[in-house]
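Residue-level structure breakdown
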Amino acid sequence: MKIKKLVLWLLHTNCYIIYNENTNNAVVVDPAGNFEKIKSEIESLQLNVKYIIITHAHIDHMIALDELKNYTGASLVMHKDELEIYKSSEYNISVHFKKETPKSNPEILVSDNDEIEFDQIKLKFIHTPGHTKGGMCILTGNYLISGDTLFNGSVGRCDFYSGDMDALLNSIREKLFVLDDDVVVYPGHGDETTIGFEKENNMFLK
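Counting restarts for each chain, with residues numbered from 1 along the sequence as it is written. Only residues with pLDDT of at least 70 get local features here, since the model is predicted, and only at 80 or more are side-chain atom pairs given and counted; chain-wide, interface and lining totals rely on the full set of residues. Heavy atoms from the whole structure form the basis of all side-chain values; hydrogens and water molecules are not counted.

1. Concerning the nonpolar core
Convention followed: Within this scheme, the nonpolar core is defined by two criteria: the residues are buried Ala, Val, Leu, Ile, Met, Phe, Trp, Tyr or Cys, and they are joined through side-chain atoms within 4.5 Å. Only protein chains enter the area calculation, which uses a 1.4 Å probe; residues under 20% of their type maximum are buried, those over 50% are exposed, and those in between are partly exposed. In DSSP terms, a helix is any run of H or I states spanning at least four residues, a strand is any run of E spanning at least two, and both are numbered starting from the N terminus. Only heavy atoms matter for contacts: two residues are in contact if any of them lie within 4.5 Å across the pair.
Counting residues in hydrophobic clusters, the biggest one holds 27 residues, and the most contacted among them are I38 and Y86. Secondary structure elements with two or more residues in this core: β1 (2-8), β2 (13-19), β3 (25-29), α1 (35-45), β4 (48-53), α2 (65-72), β5 (75-79) and α3 (83-87). In contact with I38, other than residues within four places in its own chain, are L6, L8, C15, P31, A32, G33, A64 and L68.

Laid out in structure tokens, this is it:
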């Protein structure tokens with residue numbers, strides 16, 4: 001399994017491509033903009049994208065969603081509690097950036113601890129409400145894609161619709177900090193970290 005990070009759009013949002021280097025089947029997490037850059041990476045690696053997953057429905061994590069879905073035909077996956085935010089230009093803050101809300105309909109709505117598997121790569125969805133009510137992280141092997149729940153030395157902001165700092169900190173403590181210390185965290189913005197480092201150093205969680 002390989003994970004490729006692309007830093008996209010003006011908010012420097014991280015988009016991740018998870019793929020099997022033997023079969024070239026892949027998933028794209030948070031197509032955050034610059035569709036041509038995502039497409040170029042897919043074509044360079046000769047990937048067949050099976051799923052598009054959004055960790056949460058803020059527009060900076062899904063600007064290229066419609067274009068990518070039309071291009072790949074992949075199934076769209078999100079948490080069931082995020083659908084209200086996904087469909088509202090006010091709640092997904094697309095109206096504030098003068099962007100259109102994506103028109104693609106999700107084929108798969110997941111709940112906490114649901115899993116998707118392809119080519120023996122297992123993706124486990126961990127519901128982590130707080131940044132948004134349907135925000136989630138994705139655990140695959142020893143890697144956690146944390147969206148805007150947990151950052152390197154920080155946590156997601158909670159001043160948008162359905163944000164709740166107490167819920168966010170509880171999500172991190174109860175659902176992420178129970179993972180092994182050496183789990184590598186790939187956040188929605190910024191650099192990678194580990195669960196162990198954040199336990200010891202994240203000032204929001206001391």
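Now, onward.
2. Brief notes about the packing of α1 against α2
Formally: The angle between two axes is taken between their N-to-C directions and runs from 0 to 180 degrees, where each axis is a line fitted to C-alpha atoms and a helix contributes only its stretch in contact. We call a crossing left-handed when the near helix sits turned anticlockwise from the far one by less than a right angle, and right-handed when that turn is clockwise. In the scheme used here, Gly and all other residues not listed as nonpolar or charged are polar, with Ala, Val, Leu, Ile, Met, Phe, Trp, Tyr, Cys and Pro taken as nonpolar and Asp, Glu, Lys and Arg as charged.
Two elements in contact, α1 and α2, have axes whose closest approach is 9 Å; the angle formed by their N-to-C orientations is 30°. Like other packed secondary-structure pairs, α1 and α2 cross with a definite hand, here right-handed. On the side of α1, the interface is formed by F35, I38, K39, I42 and E43, while α2 contributes E67, L68, Y71 and T72. Grouping the amino acids of the contact of α1 with α2 by side-chain chemistry returns 5 nonpolar, 1 polar and 3 charged.

3. Details of helix α4 (residues 165-176)
Note the following rule: How far a helix is expected to stretch is found by multiplying one less than its residue total by 1.5 Å. Read the arc as the range of directions from the helix axis to the C-beta atoms. In protein, a polar contact requires one atom able to donate a hydrogen and another able to accept it; more generally it is a pair of N or O atoms within 3.5 Å, and residues adjacent in sequence count only if both atoms are side-chain atoms.
Compared with the 16 Å implied by 1.5 Å per residue over 12 residues, the 15 Å span of α4 between its first and last C-alpha is a close match. Every buried residue belonging to α4 is among L168, L169, S171, I172 and L176, and all of these are buried. Looking straight down α4, one finds its buried side chains confined to an arc of 155°; they lie on one side. Turned more than 90 degrees off the buried face of α4, the exposed positions are D166 and E174. Its side-chain oxygen at 3.1 Å from the backbone nitrogen of D166, D164 defines the N-terminal cap of α4.

4. Considering the packing of aromatic side chains
To keep things clear, this is the line we draw: Only Phe, Tyr and Trp rings take part, Trp by its six-membered ring, and two of them pair if their centres are within 6.5 Å. Stacked means planes under 30 degrees apart, edge-to-face means over 60, and tilted covers everything else.
Considering all chains together, one arrives at 5 aromatic pairs under this definition. Taking the centre distance of 5.2 Å and the plane angle of 65° together, the rings of W9 and F97 count as edge-to-face. Here W9, found in the loop between β1 and β2, pairs with F97, found in the loop between α3 and β6 (108-110); they are 88 residues apart in sequence, far enough to count as distant. Judged by its relative accessible area of 18%, W9 is buried.

5. Examining empty space enclosed by the protein
In this approach, a probe sized like a water molecule rolls over the atoms, and the result shows the empty space that is left. Selection rule: Of the two site types, the cavity is a set of points on a 1 Å grid over the protein atoms alone where a 1.4 Å probe fits but cannot get out, and the pocket is an open set with protein on both sides within 12 Å along at least five of seven lines, each lined by residues with an atom within 4 Å of a point. Grid points are joined across faces, edges and corners, and a volume is the space filled by probe spheres set on the points.
Scanning all chains against the criterion turns up 1 cavity of 30 Å³ or more. Its volume calculated, the largest cavity comes out at about 40 Å³. If you go around the largest cavity, the residues you meet are T55, H56, H131, T132, G135, M136, S146, G147, D148 and T149. For the lining of the largest cavity, the class distribution of residues is 1 nonpolar, 8 polar and 1 charged.

Remember, this is a structural readout, not a statement about activity or role.
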